[in-house]
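# Analysis of the macromolecular model
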Amino acid sequence: MTVRVLVVDDHPIVRGGLVALLQGQPDVEVVGEASNAAEAISRADDTMPDVVLTDLRLGPGGDGVDITKALRHNASGPAVVILTTYDHDVDIVRAVEAGAAGYLLKDADPQAIIAAIRTAAAGGIVLDESQERRVVESMRVRRVDLSGREREVLALVADGLSNREIAKALFLSEATVKTHLVHAFDKLGVDSRTAAVAAARTAGVID
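Everything in this summary refers to the structure shown in the same document. Since the model is a prediction, treat every value here as computed from it, not as a measurement.

Now for the packing of helix H3 (residues 64–71) against helix H4 (residues 89–98). The N-to-C vectors of H3 and H4 enclose an angle of 10°; their axes lie 8 Å apart at closest approach. In terms of orientation, H3 and H4 fall into the roughly parallel class. Like other packed secondary-structure pairs, H3 and H4 cross with a definite hand, here left-handed. Note on element contacts: H4 touches H3 through Arg 94, Ala 95 and Ala 98, opposite Val 65, Thr 68 and Lys 69. Along the lines of polarity and charge, the residues of the contact of H3 with H4 split into 3 nonpolar, 1 polar and 2 charged.

This part is about the environment of Glu 150. Topologically, Glu 150 is positioned in helix H7 (residues 148–158). Each C-alpha atom of the pair Glu 150 and Ala 184 lies 6.2 Å from the other, and the pair is 34 residues apart in sequence. Sequence-distant contacts of Glu 150, that is, excluding residues within four places in its chain, are made with His 180, His 183, Ala 184 and Lys 187. Of note is the side chain of Glu 150, whose polar atom sits 2.9 Å from the side chain of Lys 187.

The next subject is the sheet that holds strand S5 (residues 102–105). Read across the open sheet, the 5 strands follow the order S2-S1-S3-S4-S5; overall the sheet is parallel. Two strands bound the open sheet, and with one partner strand each, they are strand S2 (28–34) and S5. Across this sheet, the average inter-strand angle for adjacent strands is 25°, counted without regard to direction. Both strand S3 (residues 51–54) and strand S4 (residues 79–84) contribute to a ladder of 4 bridges, which runs parallel. Bridging from a neighbouring strand, Thr 54 pairs with Ile 82 of S4. Contacts from helix H2 (residues 37–47) reach strand S1 (3–8) and S2, with the element oriented near 140° to S2.

This part covers the pattern of salt bridges. Taken as a whole and judged by the stated rule, the model has 11 salt bridges. For Lys 106, the salt bridge identified is with Asp 55, shortest N-O distance 3.3 Å. Taken as a pair, Lys 106 in the loop between S5 and helix H5 (110–121) and Asp 55 in the loop between S3 and H3 lie far apart in primary sequence, 51 residues in all. For Asp 91, the salt bridge goes to Arg 94, with nearest N and O atoms at 3.5 Å. Linking Asp 91 with Arg 94, this pair stays in helix H4, spanning 3 residues, or about one helical turn.

What follows covers the packing of helix H9 (residues 174–188) against helix H10 (residues 193–203). Where H9 contacts H10, the two axes come as close as 10 Å, and the packing angle between them is 60°. One element, H9, and the other, H10, form an angle in the oblique class. Here the hand of the crossing between H9 and H10 comes out left-handed. Contacts between H9 and H10 involve Leu 181, Phe 185 and Leu 188 on the former and, on the latter, Arg 193, Ala 196, Ala 199 and Ala 200. Residue composition of the contact of H9 with H10, by class: 6 nonpolar, no polar and 1 charged.

Criteria and thresholds
Residues numbered from 1 in each chain as written. Predicted model: local features only at pLDDT ≥ 70, side-chain atom pairs only at ≥ 80, totals over all residues. Heavy atoms only, no water. Axes fitted to C-alpha atoms, helices over the stretch in contact; angles between N-to-C directions. Helix = DSSP H or I, 4+ residues; strand = E, 2+ residues; numbered from the N terminus. Parallel < 35°, antiparallel > 145°, perpendicular 65-115°, else oblique. Left-handed = near helix turned anticlockwise from the far one by under 90°. Contact = heavy atoms within 4.5 Å. Nonpolar A, V, L, I, M, F, W, Y, C, P; charged D, E, K, R; others polar. Polar contact = N/O pair within 3.5 Å; in protein donor to acceptor, adjacent residues only side chain to side chain. Pairing = 2+ DSSP bridges. Salt bridge = Lys/Arg side-chain N within 4 Å of Asp/Glu carboxyl O.

Here it is, written out as structure tokens:
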């Protein structure tokens, strides 16, 4: 059986390296490439891959989890394996909940990436014991579900910006910035800017 794979990464060099790796396998056929979420979804419809190997962060317009949600809305969609540099619990949980078959780091052994694609194509799950344990533990605690704007505000707080500077950077009023911070504090269960940044980083909400 030949496994048909669509490779998605916004960095051409990385994408090219993955394509070269996979094309060297006798049982793998690279049927397409994409650099963003919209292109990936369109190419998947056109090429009908068995597995989509995608980066997590793809810039504006959606990420690997969005691709997973779009392609896994029915059982006939391709398996999705996320390959990323981000080892945050919240990202792993998001990927699993969206229906991803696996979550690997980019420093994984090349043979492990190939094995993951084969496993996913066969209907298996590609998570190591540590990841499985972290997913279970993360799902047991309250989910940190910050809005996109709340994440942006917290990221700028982490960079040391004041409310006034954040307002200017995001074209918001200071009152709106304060409101976003209050909501973020409540969701994170903290009562200070420093604690909010620490909690958000621990949860993988901001880098």
